[in-house]
Amino acid sequence: MVEDYKIKVRVRSVKKRISNINNVLRISIWVSLGISFALVLFCAVAYICSSQLFHVKNIAIKGCSHVQVDEILALLDIEKGDNILACDIDVARQRIQEHPWVRDVGIARRFMPASLIVTIREQVPVAAIYLGDKGYVVNSEGRIFASMPKDYRGFSMRAVGYCPTGSEMNAILKTGIAAVGLLQSKGLTVGAMEIEAGGRMTFRLRNGIGVASLGAITPAKLDTALTIMRQLKPVQGTVLDLSCEDKVVLSNPVKGDT
């Protein structure tokens, strides 16, 4: 009975010791795998950065007409010998997109051999606008995007004693371009367009007649003007004003008639 009251020394079970050892081994294995993976990744990165396989061999620029290839290469800011995987294509695309003659740009990477293909889609000038002594080209959306090239021979517009700015200019140019397309669809050749006070537009036709409007020219208004031209056969210098909804006003600034 006395032995029942003796202090008993507890001994850790063998099973628990084995479990602890397994946990330590498991942690050691995962740490070793992590270190091995990091070393492999480091070696792979070092290889990619130094390997000639990933150095840019060719840079092709396509679609340039008004834009100089050298300008695109400068904006690309990527040279032969640079690592193709380290090139920031998005930043390069953004720089090129800011060129006034570039409407859109695509950059593709090729790895065998390492090369870059830059495809440019340029702005298409549909008209030119003279503001004072300076000429600028305008796209189909009525937006001025660049100075007029010296070799430009297309349709031109001129602001006469009036120079709208900002959104007003854009709206007038867009309306004017649409009106030119409508006039030409009716067989009328437009030689020039003048923007006057208040945004009034006068289209000078090759036959010596002018068509004026404050705002858009509708097909119905133009049909009425064509009917009047066939019936009255106005002399050169006559201007048909289509600004009113219900009538066409004829005037001849040369003769002073209205």
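You'll find the structure just up there.
Here the structure is a predicted model, which means the values were calculated and not measured.

Participant: Explanation requested: the nonpolar core in the structure shown.
Facilitator: Side chains that are nonpolar tend, in soluble globular proteins, to be buried together. Among the nonpolar cores identified, the biggest contains 32 residues, and M157, F203 and I217 are the most heavily contacted of them. Counting residues per element, the ones that place at least two in this core are β4 (127–131), α4 (166–185), β8 (190–195), β9 (201–205) and α5 (219–232). Setting aside its immediate chain neighbours within four residues, M157 contacts A127, A128, I129, Y130, V138, L173 and M193. Among the nonpolar cores identified, the runner-up in size contains 25 residues, and I72, I89, W101 and A146 belong to it.

Participant: Even after reading the chapter, I still don't get the side chain of N139, so can you show me in this structure?
Facilitator: Locating N139 in the fold gives a position in the loop between β5 (134–138) and β6 (144–147). Within the structure, the side chain of N139 is placed 3.3 Å from the side chain of Q123, a separation counted as a polar contact. Engagement of the side chain of N139 in a polar contact is seen with the backbone nitrogen of R143, the distance being 3.0 Å. Those residues in contact with N139 that lie beyond four places of it in its chain are R103, Q123, V124, V126, F145 and I177.

Participant: Even after reading the chapter, I still don't get the packing of helix α2 (residues 69–76) against helix α3 (residues 89–97), so can you show me in this structure?
Facilitator: The description of two helices packed together rests on the angle between their axes and the distance between the axes. Direction vectors running N to C along α2 and α3 enclose 140°, while the axes themselves pass 8 Å from each other. Between α2 and α3, the angle falls in the class oblique. Between α2 and α3 lies a crossing of right-handed hand. Between α2 and α3, the contacting residues are I72, L75 and L76 on the first element and A92, R95 and I96 on the second. Within the contact of α2 with α3, the residues separate by chemical class into 5 nonpolar, no polar and 1 charged.

Participant: For this particular structure, what's the right way to read the sheet that holds strand β12 (residues 249–251)?
Facilitator: Across a sheet, paired strands are connected by hydrogen bonds in the backbone, their directions being either parallel or antiparallel. Pairing is mixed in the open sheet, where 9 strands are placed in the order β6-β5-β4-β7-β8-β9-β10-β11-β12. Two strands close off the open sheet at either side, each with one partner strand: β6 and β12. Averaged over all pairs of adjacent strands, the angle between their axes in this sheet comes to 25°, without regard to strand direction. One ladder, built from 5 bridges, connects β4 with β5; its direction is antiparallel.

Quick notes on the rules
- Residues numbered from 1 in each chain as written.
- Predicted model: local features only at pLDDT ≥ 70, side-chain atom pairs only at ≥ 80, totals over all residues.
- Heavy atoms only, no water.
- Core = buried A, V, L, I, M, F, W, Y, C linked by side-chain atoms within 4.5 Å.
- Buried < 20%, exposed > 50% of the residue type's maximum accessible area, 1.4 Å probe, protein only.
- Helix = DSSP H or I, 4+ residues; strand = E, 2+ residues; numbered from the N terminus.
- Contact = heavy atoms within 4.5 Å.
- Polar contact = N/O pair within 3.5 Å; in protein donor to acceptor, adjacent residues only side chain to side chain.
- Axes fitted to C-alpha atoms, helices over the stretch in contact; angles between N-to-C directions.
- Parallel < 35°, antiparallel > 145°, perpendicular 65-115°, else oblique.
- Left-handed = near helix turned anticlockwise from the far one by under 90°.
- Nonpolar A, V, L, I, M, F, W, Y, C, P; charged D, E, K, R; others polar.
- Pairing = 2+ DSSP bridges.

What is shown is where atoms sit, not what they do.
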